[in-house]
Amino acid sequence: MPLRMLLYRRARRLWRWLVPSVPAAQAQALRRALRQEVRSLALACEATGVLIWLMTLMVSLPGGGAHLSAELLCTAAAGLGMLLSLRPRPPWLLSLGGLMVTVSLAIAFRLNLEGSAAQAFWTLPLLMLFGMCLALCHVRLRDFLAGIGAVGLVFVDGALMRSVAPAQRPVLAFFAAGALALCLLAHLALSRERRSGHVLQLRLAALAYEDVLTGLPNRRAFLERTQAALAAMPAGVFNVVLLDVDDFKRINERLGHEGGDRALRAVAQALRRASAPHLCARLGGEEFCIWIEDASASPADVAAACVSAVHHLRVDGLRLSVSAGVATVEPDVPLHRALALADEALYQAKARGKDTLAVAPPSGRMPLIPAAPERRTWRPWRALRRP
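Report on the accompanying structure. (Residues numbered from 1 in each chain as written. Predicted model: local features only at pLDDT ≥ 70, side-chain atom pairs only at ≥ 80, totals over all residues. Heavy atoms only, no water.)

Considering the overall build of the protein chain
Here comes step 1: When helices and strands are counted, the protein chain shows 12 helices and 7 strands.
Here comes step 2: Among the 387 residues that make up the protein chain, the fraction classed as buried is 38%.
Here comes step 3: For the protein chain, contacts bridging at least 24 residues in sequence account for 70% of all contacts bridging at least 6. (Helix = DSSP H or I, 4+ residues; strand = E, 2+ residues; numbered from the N terminus. Buried < 20%, exposed > 50% of the residue type's maximum accessible area, 1.4 Å probe, protein only. Contact = heavy atoms within 4.5 Å.)

And the structure:
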């Protein structure tokens, strides 16, 4: 294997280890979570840095520094950067404000140290302090490199090298490069730990709201989505389609539990495709539900498309079918009542011979299937009992 290809593969493997990959659907949520976590840390570090600089300025103010006007200008620029960082939107303002605060404070400390006998002594600690704060407050590598590069150009310049004896300049340059390398490693390690933690949280959240067998949203996700839609539009009209796999017990008996799982996965994929773009969830067992928010969509047509899509499925030579019940969620028909009506319609569809659908009454006030009369047995000896 050529050396170039080997180095490329090693670098790619190292990058994958440093930056854990996430599915495309979770990438936006990961970026939002990382920004939310870093935002508070960045604001705390910026406020601490500005406070330390104001204390340093108050100590050096009675002496009348030679660069007092430039230092006050840097203080104003740092304050403007903090104001930009306080704005939540757009996200790039946080990066811009942090860069302004970092560069302004670095220039201010550099001007304060200029002409001091201990200039070289304080440069490396300040460089490390700025670098570690940048490593803590940035997620993206380019933002960190921009900040640490600007700080390095401010502190390690020609004036600093001229203030050091020629024999000590290589030592100073070596320690400055080592400090920057340590800050870079700290940034990469912190970024990896942050990403790994948030990726784990996203995966756990996906498991909490996703059915493991079929990949569809589970009952919790369905209920939360429907409650959010109802809260957003209290007077809105929505529709639910309840579906149940016909003769699933017979499928399990003939194909076994693994065959039943394959049948459920096949049905779930068919329902997902037939009901798109509406929400399709697995409520449990062989029961599925479709939530229709679009008022222009016909729930009976969606249910008919789902029944037809499953009608053509075969798993291990066994034909599959579903029955469907349709109900409407109205202001006077809450969700639990609509689900009960859809369940009644589903049982009516099964009573008709299965592989079909039934629609509940639009008003939802009357039950679809009348309750069975109570069975009473005549017992003549009860009349002979004494009161």
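Additional details are given in the paragraphs that follow.
Some words on the pairing of strand 2 (residues 279–284)
Here comes step 1: Counting buried positions over the 6 residues of strand 2 gives 5, a clear majority of the element.
Here comes step 2: With antiparallel pairing between neighbouring strands as the criterion, strand 2 and strand 3 (residues 287–292) make up a hairpin whose turn holds 2 residues, including Gly285 at a positive phi of roughly 60 degrees. (Pairing = 2+ DSSP bridges.)

Some thoughts on the environment of Ser308
Here comes step 1: Within the secondary structure layout, Ser308 lies in helix 11 (residues 299–311).
Here comes step 2: Sequence-wise, Ser308 and Ala274 are 34 residues apart; in three dimensions their C-alpha atoms are separated by 8.8 Å.

Brief notes about a nonpolar patch on the surface
Here comes step 1: A cluster of nonpolar side chains, Leu200, Leu204, Leu207 and Val212, forms an exposed patch at the surface whose accessible area comes to about 430 Å².
Here comes step 2: Mapping Leu200 onto the fold places it in helix 8 (residues 169–209). (Patch = residues over 30% accessible without salt bridge, like charges linked within 9 Å, V, L, I, M, F, W, Y side chains within 5 Å. Areas by Shrake-Rupley, 256 points an atom, 1.4 Å probe, with all protein chains shown as cover. Salt bridge = Lys/Arg side-chain N within 4 Å of Asp/Glu carboxyl O.)

As for the packing of aromatic side chains
Here comes step 1: All chains considered together, the criterion is met by 6 aromatic pairs.
Here comes step 2: Look at Phe109 and Phe130: their rings are 6.3 Å apart centre to centre, the planes differ by 80 degrees, and that puts the pair in the edge-to-face class. Remark: Phe130 occurs in helix 5 (residues 119–137) and Phe109 occurs in helix 4 (residues 92–113); sequence separation between them is 21 residues.
Here comes step 3: Judged by its relative accessible area of 11%, Phe109 is buried.
Here comes step 4: Under the relative-accessibility criterion, Phe130 is labelled buried at 11%.
Here comes step 5: Taken together, a centroid distance of 6.4 Å and an interplanar angle of 85 degrees make the contact between Phe222 and Trp291 edge-to-face. Here the residue Phe222 occupies a position in helix 9 (residues 219–232), and Trp291 occupies one in strand 3, the gap between them amounting to 69 residues. (Phe/Tyr/Trp six-rings, centres within 6.5 Å; stacked < 30°, edge-to-face > 60°.)

Topic: the pairing of strand 3
Here comes step 1: Buried residues dominate strand 3, accounting for 6 of its 6 residues.
Here comes step 2: Burial along strand 3 is two-sided: Glu287, Cys289 and Trp291 and Phe288, Ile290 and Ile292, pointing in opposite directions, are all buried.
Here comes step 3: By the bridge criterion, 6 bridges tie strand 1 (residues 238–245) to strand 3 in an arrangement that is antiparallel. Opposite Val241, over in strand 3, you have Ile290 as the bridge partner.

Remarks on helix 9
Here comes step 1: Here helix 9 contains 14 residues, and its C-alpha end-to-end distance of 20 Å stays within 8% of the 20 Å for a straight helix at 1.5 Å per residue.
Here comes step 2: Listing the buried residues of helix 9 in full gives Ala221, Phe222, Thr226, Ala229 and Leu230. Seen end-on, helix 9 carries its buried residues on one side only, within an arc spanning 160 degrees. Residues of helix 9 that are exposed and point more than 90 degrees away from the buried face comprise Ala231 and Ala232.
Here comes step 3: In this structure, the buried side of helix 9 is in contact with helix 8, strand 1, strand 2, strand 3, strand 6 (322–329) and helix 12 (335–351). (Expected span 1.5 Å × (residues − 1). Arc of directions from axis to C-beta.)

Some thoughts on the layout of surface pockets
By rolling a water-sized probe across the atoms, one finds the places where empty space is left.
Here comes step 1: One number sums up the size of the largest pocket: a volume of about 970 Å³.
Here comes step 2: Val38, Ala42, Leu94, Cys137 and His138 are the residues nearest the centre of the largest pocket, which is lined by 40 residues in total.
Here comes step 3: For the lining of the largest pocket, the elements supplying multiple residues, two or more each, are helix 2 (24–60), helix 4 and helix 5.
Here comes step 4: Broken down by element, the lining of the largest pocket gets its largest block of residues, 16 residues, from helix 2.
Here comes step 5: Residues belonging to the lining of the largest pocket are distributed by class as follows: 23 nonpolar, 7 polar and 10 charged. (1 Å grid on protein atoms, 1.4 Å probe; cavity = no way out; pocket = protein on both sides within 12 Å on 5 of 7 lines; lining within 4 Å. Points joined across faces, edges and corners; volume = space filled by probe spheres on them. Nonpolar A, V, L, I, M, F, W, Y, C, P; charged D, E, K, R; others polar.)

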